[in-house]
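Secondary and tertiary structure notes
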Amino acid sequence: MKNSSPKTAQEIQQQHQDNGKVVHNPWRQLRSFTDARIGLGRAGISLPTAEMLAFQLSHAQARDAVNFPLDLAALCEQLEDFCASPLHLHSQAVDRNHYLQRPDLGRKLDQASRDQLSNYMRKAAVAAELHHDIAIVIVDGLSSLAVQKNAHPFLVQLLTILREQPEPWRLAPISLVEQGRVAIGDDIGELLNAKVVLVLIGERPGLSSPDSLGLYLTWQPKTGLNDACRNCISNIRPAGLSYQDAAQRTLYLLQEAKRLNLSGVGLKDRSQDDVIEHQTQTTNFLLSE
């Protein structure tokens, strides 16, 4: 008797379709515009087998993104083009389990890291490089996969744009933080005496986006600030906000933060605005003849 290879989920679903067992959802055509799980169809009262397997795969990928450690050696190699010696720092969360169970410890530098930054600033004072405009902090967060895939190509775009500005931005050494959360950038920015801190962090994985990179900008960072003091650019990745668009938005926020001397709720991202009040003619159909 001839052995047959196991059928794939797509083959199983196609067989059900041929047998008239899978009912298609008419909204399915909208899936070409979004990664959201819409228009899945049904088999009886349940999801089609292929859709259930795809959901389980996405769930496993999201869990893996949370637990995979950040490959610091590989990341440092990627950053060699514009950062010879990044600062390796660590939060007060000693390991991943501790990090997930104690979010508060992920927001604070451990003592060894604070000492490292203090030593760096003492050397910088001798070299008359005590002040920095921007401190860039790369944090593993809840998805090291996002950082591994997206931090370097985004920084290539951002630093290229910054170098083209008529007024140069003085950059502190890039900091790489393990087991960190967003607020840890406040500690680092304050210790590096930076006007603004940019935190690149792996965002909480979704079932369609395990590799989403977030950016948080804080003007005049210092320990104890809350989220109202930050601006966020989210979903930086090839399938989301492109690196070039994210870099342009970051530049806009940097320039506005410097002009207004603030960040957070008082600073709105209007880099993509095309609103009615900026137009010479009204486009409100309620007012049209």
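The paragraphs below set out a description of the structure included in this document.

Criteria and cut-off values
Residues numbered from 1 in each chain as written. Predicted model: local features only at pLDDT ≥ 70, side-chain atom pairs only at ≥ 80, totals over all residues. Heavy atoms only, no water. Salt bridge = Lys/Arg side-chain N within 4 Å of Asp/Glu carboxyl O. Helix = DSSP H or I, 4+ residues; strand = E, 2+ residues; numbered from the N terminus. Buried < 20%, exposed > 50% of the residue type's maximum accessible area, 1.4 Å probe, protein only. Arc of directions from axis to C-beta. Contact = heavy atoms within 4.5 Å. Polar contact = N/O pair within 3.5 Å; in protein donor to acceptor, adjacent residues only side chain to side chain. Expected span 1.5 Å × (residues − 1). Bend = angle between axes of the 7 residues up to and from the residue. Core = buried A, V, L, I, M, F, W, Y, C linked by side-chain atoms within 4.5 Å. Axes fitted to C-alpha atoms, helices over the stretch in contact; angles between N-to-C directions. Parallel < 35°, antiparallel > 145°, perpendicular 65-115°, else oblique. Left-handed = near helix turned anticlockwise from the far one by under 90°. Nonpolar A, V, L, I, M, F, W, Y, C, P; charged D, E, K, R; others polar.

**Some remarks on the pattern of salt bridges**
Under the criterion given, the structure shown has 11 salt bridges. Across the pair Arg 237 and Asp 211 runs a salt bridge, and its minimum N-O distance is 3.3 Å. Of this pair, Arg 237 sits in the loop between β8 (230-236) and α8 (243-260) while Asp 211 sits in the loop between β6 (194-202) and β7 (213-219), and the two are 26 residues apart along the sequence. By relative accessible area, Arg 237 is classed as buried at 7%. Asp 211 sits in the buried class, given a relative accessible area of 9%. A single network of salt bridges, built from pairs that share partners, joins Asp 133, Arg 170 and Lys 195.

**Describing unusual backbone geometry**
Unlike most non-glycine residues, Gln 220 shows phi in positive territory, near 50 degrees. With respect to the helices and strands, the residue Gln 220 is situated in the loop between β7 and β8. Positive phi values are uncommon outside glycine, yet Asn 261 reaches one of about 60 degrees.

**Some thoughts on helix α3 (residues 72-79)**
All of the buried residues along α3 are Leu 72, Leu 75, Cys 76 and Leu 79. The buried residues of α3 occupy an angular sector of 100 degrees when the element is viewed end-on, so they sit on one face. Among the exposed residues of α3, those pointing more than 90 degrees away from its buried face are Ala 73 and Glu 77. Looking at the buried side of α3, the elements it contacts are β3 (87-90), β4 (132-139), α6 (144-163) and β5 (175-178). Looking at where α3 begins, the residue whose side-chain oxygen comes 3.4 Å from the main-chain nitrogen of Ala 73 is Asp 71.

**Observations regarding α6**
Helix length check: α6, at 20 residues, gives a terminal C-alpha distance of 28 Å against a target of 28 Å (1.5 Å per residue), a fit within 8%. At Asn 150, α6 shows its largest bend, some 40 degrees, and a proline, Pro 153, comes one to four positions later.

**Considerations on the nonpolar core**
Of all hydrophobic cores here, the largest spans 39 residues; its most connected members are Ile 138, Phe 154, Leu 155 and Ile 236. Elements represented by at least two residues in this core include exactly α3, β4, α6, β6, β7, β8 and α8. With nine residues, the top contributor of residues to this core is α6. Apart from the residues within four sequence positions on either side, Phe 154 is in contact with Leu 200, Leu 215, Ile 236, Tyr 243, Ala 246, Ala 247 and Thr 250. Listed in part, the 18 residues of the second largest apolar core include Leu 87, Leu 117, Ile 188 and Ala 194.

**Some points on the packing of α3 against α6**
The geometry of α3 relative to α6 is characterised by a closest axis approach of 10 Å and an angle of 15 degrees between their N-to-C directions. Between α3 and α6, the interaxial angle falls into the category roughly parallel. Relative to α6, α3 is oriented so that their crossing is right-handed. Seen from α3, the contacting residues are Ala 74, Leu 75, Gln 78 and Leu 79; seen from α6, they are Val 147, Gln 148, His 152 and Leu 155. Split by residue class, the contact of α3 with α6 holds five nonpolar, three polar and no charged.

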